[in-house]
Amino acid sequence: MKAIRVHFTATDSSLHVDEVPKPTAAADQIVIKAQAIGLNRADLMRRRTAQPGQPEPPATPGLDVAGVVESVGTEVRGWRAGEQVTALVRGAYAEYVATRAVTAYRIPRGMSITEAA
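What counts as what
- Residues numbered from 1 in each chain as written.
- Predicted model: local features only at pLDDT ≥ 70, side-chain atom pairs only at ≥ 80, totals over all residues.
- Heavy atoms only, no water.
- Helix = DSSP H or I, 4+ residues; strand = E, 2+ residues; numbered from the N terminus.
- Buried < 20%, exposed > 50% of the residue type's maximum accessible area, 1.4 Å probe, protein only.
- Pairing = 2+ DSSP bridges.
- Polar contact = N/O pair within 3.5 Å; in protein donor to acceptor, adjacent residues only side chain to side chain.
- Patch = residues over 30% accessible without salt bridge, like charges linked within 9 Å, V, L, I, M, F, W, Y side chains within 5 Å.
- Areas by Shrake-Rupley, 256 points an atom, 1.4 Å probe, with all protein chains shown as cover.
- Salt bridge = Lys/Arg side-chain N within 4 Å of Asp/Glu carboxyl O.

(A) Representation of the side chain of Thr 99 in the model. Structurally, Thr 99 is set in strand β6 (residues 96–100). Given a relative accessible area of 7%, Thr 99 falls into the buried group.

Here is the structure:
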């Protein structure tokens, strides 16, 4: 799958589209097929807080995602594949994201996926 990641170097924090493994759901998680993501101040600030001269591994930014439940972990109750969902996650800038089910919410009737993100 594809993910947008920040590649931190001593002089740059550029965004790149990388091929990364698709996540699988841990026992308490759901996997979301992303259809919309939010862009917020925390995402922008993260790119600015990388310390010059202190390279970090590539990181996938993003906290807000909305989409469809792809799969559910063995201990998850109340969610099933195919349901629309919005969630607070780490690494939303990806085609799929795994997150703890307790951070996920049903999208209110009448709200679009984009509005939910």
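(B) Structural detail: the pairing of strand β3 (residues 29–37). Relative to β6, β3 runs antiparallel, the two being bridged by five bridges. Residue Lys 33 lies in a different strand from β6, and its bridge partner there is Tyr 96. Here β3 runs beside strand β4 (residues 64–72); their pairing, made up of seven bridges, is antiparallel. If you follow Ile 37 over to β4, its bridge partner there is Val 65.

(C) Representation of the side chain of Gln 29 in the model. Here Gln 29 lies in strand β3. Residue classification places Gln 29 among the buried residues on the basis of a relative accessible area of 18%. Only 3.0 Å separates the side chain of Gln 29 from the backbone nitrogen of Ala 26, close enough to count as a polar contact.

(D) The arrangement of a nonpolar patch on the surface in detail. On the surface, Ile 4, Leu 15 and Val 17 cluster together into a nonpolar patch covering about 250 Å² of accessible area. By the secondary structure assignment, Val 17 is in strand β2 (residues 13–19). A relative accessible area of 59% places Val 17 in the exposed class.

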